[in-house]
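Given next are the chains, with one letter for each unit.
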Amino acid sequence: MASATPDVPEQDAVFMRRALQLARCVAHRVSPNPRVGAVIVKDGRVLGEGYHRGPGHPHAEIEALQQASGDVKGATLYVTLEPCCHYGRTPPCAPALIERGIRRVVAPFADPNPLVSGRGFEMLRENGITVDTGVCVEEAMRLNEAFMTFHVLRRPFIVSKWAMTLDGRIATDSGHSKWVSNEESRTYVQEIRAQVDAILVGIGTVLVDNPRLSVRLPGYTGEQPRRIIADGNLRIPLRARCLEGVPPGHCIIATTAGAPKDRMARLRDAGHTLLVTSGKKGLIDTRSLIRELYALGIQSVLCEGGSSLNGSLYECQLVDKLVAFIAPKIVGGCASKAPITGWGVDTMHRALRLGNLTVRQFGTDICVEGYVFGLFGPAQPEPVRSGDADTTDDAASQVATEY
């Protein structure tokens with residue numbers, strides 16, 4: 001992965017990498033905001049640093065200004081995303097930079113948020129501040145892969161996750177699956193959960209495993225991800241663990257118009273969100289579901305199964321990233337399931353190949369991570385456009401104004 005374009009000064013790359021490092025300091029998600037880090041440098045010396053801690057907190061640029069030791073007039077600001085110029089939960093950053101006399105701003109690229117989208121750079125330039133871009137572009141995009149996907153492709157960033165045995169099974173013939181992976185792998189899954197807006201499962205997973213779909217890391221203080229259950233016929237038990245102990249509207253049950261009306265009423269009365277999507281014979285239309293999640297402002301989704309739900313996401317080319325755990329176990333069997341069903345290729349040369357591959361070890365388990373479709377994968381479908389999706393620029397702007 002390139003750190004910067006060849007004509008970028010090495011000093012700019014060094015300080016931008018520090019800004020990127022700062023942006024990663026928050027252990028939990030900060031959506032709907034992007035992760036941002038900032039470094040103020042004058043005469044080769046760092047005067048101040050900052051990073052954004054989440055909605056309602058100062059932006060990274062403001063934190064860096066507040067932490068600065070000495071006069072920042074004439075200094076250079078390195079920031080991992082274009083400074084904002086609009087009022088959201090906090091005041092805009094660009095006017096503060098102008099007021100404090102920052103001479104130069106270095107950023108990887110413009111903010112894809114339609115409320116910013118070059119306007120911050122324009123305001124800075126109009127006030128005599130030099131703006132340079134193109135530094136550490138790939139790293140900065142990956143840092144905010146969900147934010148970028150949401151605003152560029154106008155859909156959530158989707159992570160597909162599974163754990164399987166060496167012979168490619170996610171459960172035994174009897175359906176038993178606890179546990180395929182070891183405790184270290186499961187802890188890493190909890191860390192992934194802490195980074196996403198929502199966790200998605202199919203009704204089969206709920207009926208068989210009865211998962212809680214929550215982050216259970218020791219000392220975790222961030223918000224819990226929303227829980228999404230794809231259930232075309234509303235078979236979900238009202239006492240399912242994923243429906244317990246959550247604020248009103250936190251659980252989303254995606255269903256179809258053919259689901260029993262009395263079940264719809266009971267779930268709504270219990271405070272859950274129902275998304276009635278298009279679909280036939282109890283099967284939810286996956287693209288319709290993803291459009292609905294975009295309209296709700298959900299930027300990232302972790303899909304934890306089952307196999308048919310995974311298959312539909314791959315068939316629709318909606319999977320951005322795969323996280324697969326392989327345990328050194330063999331279960332065999334004739335009816336045991338593979339991680340994906342319902343979708344496949346007929347020849348090996350048509351197999352999907354992962355890009356930007358990472359392989360790591362958790363105890364005896366192997367974890368393979370890579371990108372499939374979207375902005376970062378080797379197979380890139382066309383972006384969802386307003387004519388193809390039931391979304392509008394107004395909807396995107398309403399989501400964007402939350403930060």
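Now for a look at the structure at hand. Since the model is a prediction, treat every value here as computed from it, not as a measurement.

**Quick word on the overall build of the protein**
Turning to step 1, where the next piece is worked out: Across its full length, the protein holds 12 helices and 16 strands.
Turning to step 2, where the next piece is worked out: Taking 403 residues into account, the globule formula puts the C-alpha radius of gyration at 22 Å, and the protein, at 23 Å, falls close to it.
Turning to step 3, where the next piece is worked out: By principal-axis analysis of the C-alpha atoms, the protein measures approximately 70 × 45 × 40 Å.
Turning to step 4, where the next piece is worked out: Counting the 403 residues in the protein, one finds 54% classified as buried.

**Observations concerning the nonpolar core**
Turning to step 1, where the next piece is worked out: Counting 48 residues, the largest nonpolar core has Met-16, Ile-40, Val-72, Leu-77, Ile-102 and Val-105 as the members making the most contacts within it.
Turning to step 2, where the next piece is worked out: Looking at this core, the element that brings in the most residues is helix 1 (residues 10-23), giving six residues.
Turning to step 3, where the next piece is worked out: With 34 residues, the next largest nonpolar core counts Ala-146, Ala-163, Ala-327 and Tyr-371 among its residues.

**Here's the deal with the pattern of salt bridges**
Turning to step 1, where the next piece is worked out: Under the definition given, this model contains 13 salt bridges.
Turning to step 2, where the next piece is worked out: Among the salt bridges present, the one from Arg-104 reaches Asp-12, with a minimum N-O distance of 2.6 Å. Placement of Arg-104 in strand 4 (residues 104-106) and of Asp-12 in helix 1 is noted, with a sequence separation of 92 residues between them.
Turning to step 3, where the next piece is worked out: Judged by relative accessible area, which is 15%, Arg-104 ranks as buried.

**Structural notes on a positive patch on the surface**
Turning to step 1, where the next piece is worked out: Together, Lys-178, Arg-212, Arg-216 and Arg-241 line one region of the surface with positive charge.
Turning to step 2, where the next piece is worked out: Position of Arg-241 among the secondary structure elements: in the loop between strand 8 (226-230) and strand 9 (251-256).

**What about the sheet that holds strand 8?**
Turning to step 1, where the next piece is worked out: Ordered by their spatial adjacency, nine strands build an open sheet running 10-9-8-7-13-6-14-16-15, and the pairing between neighbours is mixed. If you trace the sheet from one side to the other, it starts and ends with strand 10 (273-277) and strand 15 (355-362), each paired once. Between one strand and the next, the sheet's axes are offset by a mean angle of 20°, whatever the strand orientation.
Turning to step 2, where the next piece is worked out: In terms of strand pairing, strand 7 (residues 198-202) meets strand 13 (residues 300-303) through three bridges, oriented parallel. Within strand 13, the residue paired with Ala-198 across the bridge is Val-301.

**Remarks on the sheet that holds strand 4**
Turning to step 1, where the next piece is worked out: Pairing is mixed across the open sheet formed by five strands, whose spatial order is 2-1-3-4-5. Two strands bound the open sheet, and with one partner strand each, they are strand 2 (45-51) and strand 5 (130-132). Strand-to-strand twist of the sheet, defined as the mean angle between neighbouring strand axes without regard to direction, takes the value 15°.
Turning to step 2, where the next piece is worked out: With three bridges joining them, strand 3 (residues 76-79) and strand 4 adopt parallel strand pairing. Across the sheet, the residue bridging to Tyr-78 is Val-106, located in strand 4.
Turning to step 3, where the next piece is worked out: Taken strand by strand, helix 1 contacts strand 1 (37-42), strand 2, strand 3 and strand 4, and its axis lies near 140° from that of strand 1.

**Thoughts on the packing of aromatic side chains**
Turning to step 1, where the next piece is worked out: Evaluated as defined, the whole model comprises eight aromatic pairs.
Turning to step 2, where the next piece is worked out: An angle of 45° between the planes, with centres 6.4 Å apart, marks the rings of Trp-162 and Tyr-314 as tilted. Of the two residues, Trp-162 is situated in strand 6 (residues 157-165) and Tyr-314 in helix 11 (residues 307-315); the sequence distance between them amounts to 152 residues. Here Trp-162 and Tyr-314 have matching classes, each one buried.
Turning to step 3, where the next piece is worked out: A connected cluster of aromatic rings, assembled from ring pairs, spans Trp-162, Tyr-314 and Trp-343.

**Some remarks on the environment of Thr-187**
Turning to step 1, where the next piece is worked out: Along the chain, Thr-187 falls in helix 7 (residues 183-193).
Turning to step 2, where the next piece is worked out: Under the relative-accessibility criterion, Thr-187 is labelled partly exposed at 35%.
Turning to step 3, where the next piece is worked out: Residues Thr-187 and Arg-216, 29 residues apart in the sequence, show an inter-C-alpha distance of 8.7 Å.

**As for helix 9 (residues 261-269)**
Turning to step 1, where the next piece is worked out: Along helix 9, the residues classified as buried are Arg-263, Met-264 and Leu-267. End-on, the buried residues of helix 9 take up no more than an arc of 105°, which puts them together on one face. Exposed residues on helix 9 whose side chains face more than 90 degrees from its buried face are Lys-261, Asp-262 and Asp-269.
Turning to step 2, where the next piece is worked out: In this fold, the buried residues of helix 9 make contact with strand 9 and strand 10.
Turning to step 3, where the next piece is worked out: Following helix 9 by one or two positions, Gly-271 adopts a phi angle in the positive range, close to 95°.

**Focus: helix 4 (residues 119-126)**
Turning to step 1, where the next piece is worked out: Gly-120, Phe-121 and Leu-124 are the residues of helix 4 that are buried. Mapping the buried residues of helix 4 onto a view down its axis gives an arc of 100°, with all of them on the same face.
Turning to step 2, where the next piece is worked out: The elements touched by buried residues of helix 4 are helix 3 (94-99), strand 4 and strand 5.
Turning to step 3, where the next piece is worked out: Backbone geometry just downstream of helix 4 places Gly-128 in the positive-phi region, at approximately 80°.

**Regarding the state of the cysteines**
Turning to step 1, where the next piece is worked out: Per the stated rule, a full pass over the model turns up zero disulfides.
Turning to step 2, where the next piece is worked out: Cysteine Cys-85 remains unbridged, with the sulfur of Cys-84 as its closest cysteine sulfur at 6.9 Å.

**Let's talk about the side chain of Asn-182**
Turning to step 1, where the next piece is worked out: Within the fold, Asn-182 resides in the loop between strand 6 and helix 7.
Turning to step 2, where the next piece is worked out: Other than its neighbours up to four places away in sequence, Asn-182 contacts Phe-362, Gly-363, Thr-364 and Asp-365.

Cut-offs applied
- Residues numbered from 1 in each chain as written.
- Predicted model: local features only at pLDDT ≥ 70, side-chain atom pairs only at ≥ 80, totals over all residues.
- Heavy atoms only, no water.
- Helix = DSSP H or I, 4+ residues; strand = E, 2+ residues; numbered from the N terminus.
- Rg over C-alpha atoms; globule rule 2.2 N^0.38 Å.
- Buried < 20%, exposed > 50% of the residue type's maximum accessible area, 1.4 Å probe, protein only.
- Core = buried A, V, L, I, M, F, W, Y, C linked by side-chain atoms within 4.5 Å.
- Salt bridge = Lys/Arg side-chain N within 4 Å of Asp/Glu carboxyl O.
- Patch = residues over 30% accessible without salt bridge, like charges linked within 9 Å, V, L, I, M, F, W, Y side chains within 5 Å.
- Areas by Shrake-Rupley, 256 points an atom, 1.4 Å probe, with all protein chains shown as cover.
- Lys, Arg positive; Asp, Glu negative; His and termini not counted.
- Charge placed at Lys NZ, Arg CZ, Asp CG, Glu CD.
- Pairing = 2+ DSSP bridges.
- Axes fitted to C-alpha atoms, helices over the stretch in contact; angles between N-to-C directions.
- Contact = heavy atoms within 4.5 Å.
- Phe/Tyr/Trp six-rings, centres within 6.5 Å; stacked < 30°, edge-to-face > 60°.
- Arc of directions from axis to C-beta.
- Disulfide = S-S within 2.5 Å.

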